[in-house]
Each structure stands twice: as structure tokens, then as C-alpha cells.
Amino acid sequence: MAVGKVCTGFSLPYVAKYAASGGTVTYSEGMRLARGVSVSIAPEVADNNDFYADNVLAESVSGTFTGGTVTLTVDGLLPAAEEFIFGLPEAATVGTVSVLKYGDAAQPPYVGIGFIARYMSDGVTTYKVIVLTKTKFNLPTEEANTQEDAIAWQTQALEATIMRDDTADHDWKLVAATEYTTEAAAETDLKKILNIQ
């Protein structure tokens, strides 16, 4: 019998606008971000607080979460998702061309980011819902390569800063306690957490 599980997939990244009032966090305007390729979460933790007595380490308090970054690699953003996560003003017209304007009017909002991780244990596949409660996307780098003999599939890496939310516990990540047997069931609960209809 297996004593652990291995991650075998990442899918369905969603985002929703974050708001907090009186210690209650709410989400709105949620949407599918893009098609997920990979995710990397890098938390930052303060140093442990160690106490020495009788010439040895006698007590230690673990360092606490102070922030972090998440890098989501996706296939590429459609204009609606790009406007949303980077807080871009509505598309404007330059000449006769509709454009998204990156400038002083861009105000990236705080957002919750949710996604599904797939696992396998002893041949059984399960799905886990993970939500980063309060983040803000950084402006992306852009890179494109010319096509040679075959298509070189090019993805987009999006980086966001992870923060503690404004609840009493100052959470930064939520992980559903349920291990779902289908991706569809996991997606349903992910959308419930982010208040997506």
C-alpha cells in the first residue's frame, strides 16, 4: 500500500478580484486565466527564533511566512484576462486599431489565484484544490521566437507576489481538505471558493 502520493498534473488556473472588509474576504469578477502549463510557489519565511541554554539549542520557534512569489506558466492570455490581472483600462482606439494600453492608468488589482493539482497514489488518481488568497501580478516579460522547421510551442510565464490576506488568521494559502475523484468536482469547489458562477 502506498504511503504517499506524487503530483502528476496542474490545470484550470482561475483568478478573482480580492476584497476585504472587517476581516472577511470576498472575491468577485472571477474568470479562467488561461490553460495551465505549470505552477511554482516560492514562499519566503523569516528566520527561526532560537533560544540557547546550557550551551545547547533548548527551544526554537519556526519562522513565519512573510511573503512569496508564484509563477504560473500558461499557454497565453486572452485580452479579457490580460486587462483583468494587470488592471488595464478598457481597450482604446489608436487610429482605427483597438489597443490595450500599459501606462499610468494601469492598476493591477489584488486577486485570488486558484488551480487544481492532480495526484496519483497506488494507481489511484485524485485532485486537490489550491487557492492563494491574496496576490498581485507583476508586469510580464515577453519573448517570442521565429518558427524554424517545426513549431516551437511558446508559453507565457506570469509572476505574482503572494501576501497574507486580511482574515483574522492572515491566511496566504487554502488547500481543500477533500481529495476529489474527478477534475470536474474539484473545479466546482474551486469556483465556489472564488465566488465564480
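Structure first, text after, so check above.
This one's a predicted model, so the numbers in the text were calculated from it and none came from an experiment.

Conventions adopted
Residues numbered from 1 in each chain as written. Predicted model: local features only at pLDDT ≥ 70, side-chain atom pairs only at ≥ 80, totals over all residues. Heavy atoms only, no water. Buried < 20%, exposed > 50% of the residue type's maximum accessible area, 1.4 Å probe, protein only. Helix = DSSP H or I, 4+ residues; strand = E, 2+ residues; numbered from the N terminus. Pairing = 2+ DSSP bridges. Phe/Tyr/Trp six-rings, centres within 6.5 Å; stacked < 30°, edge-to-face > 60°.

**Quick notes on the pairing of strand S11 (residues 156-163)**
Strand residues, when the strand is regular, have side chains that alternate between the two faces of the sheet.
Link 1 in the chain: Of the two faces of S11, the one holding Gln156, Leu158, Ala160 and Ile162 is buried and the one holding Ala157, Glu159, Thr161 and Met163 is not buried anywhere.
Link 2 in the chain: Where strand S6 (residues 65-74) lies against S11, 7 bridges are found, and the strand directions are antiparallel. Residue pairing for S11: Leu72 is matched across the bridge by Leu158.
Link 3 in the chain: Bridging between strand S10 (residues 124-137) and S11 involves 4 bridges; their strand directions are antiparallel.

**A look at the packing of aromatic side chains**
Link 1 in the chain: Taken as a whole and assessed by the stated rule, the structure comprises 6 aromatic pairs.
Link 2 in the chain: Measuring from ring centre to ring centre gives 5.4 Å for Phe10 and Phe115, while their planes differ by 70°; the resulting arrangement is edge-to-face. Taken together, the positions of Phe10 in strand S1 (residues 6-21) and Phe115 in strand S9 (residues 111-121) put the pair 105 residues apart, joining distant regions of the chain. Just as Phe10 is buried, Phe115 falls in that class too.
Link 3 in the chain: With a centroid separation of 6.2 Å and an interplanar angle of 50°, the aromatic rings of Phe86 and Tyr102 are classed as tilted. Of the two residues, Phe86 is situated in helix H1 (residues 79-86) and Tyr102 in the loop between strand S8 (97-99) and S9; the sequence distance between them amounts to 16 residues.
Link 4 in the chain: On the accessibility criterion, Phe86 (1% relative accessible area) is buried.
Link 5 in the chain: A connected cluster of aromatic rings, assembled from ring pairs, spans Tyr18, Tyr27 and Tyr110.

From the geometry alone we can't say anything about function, so treat these as descriptive.
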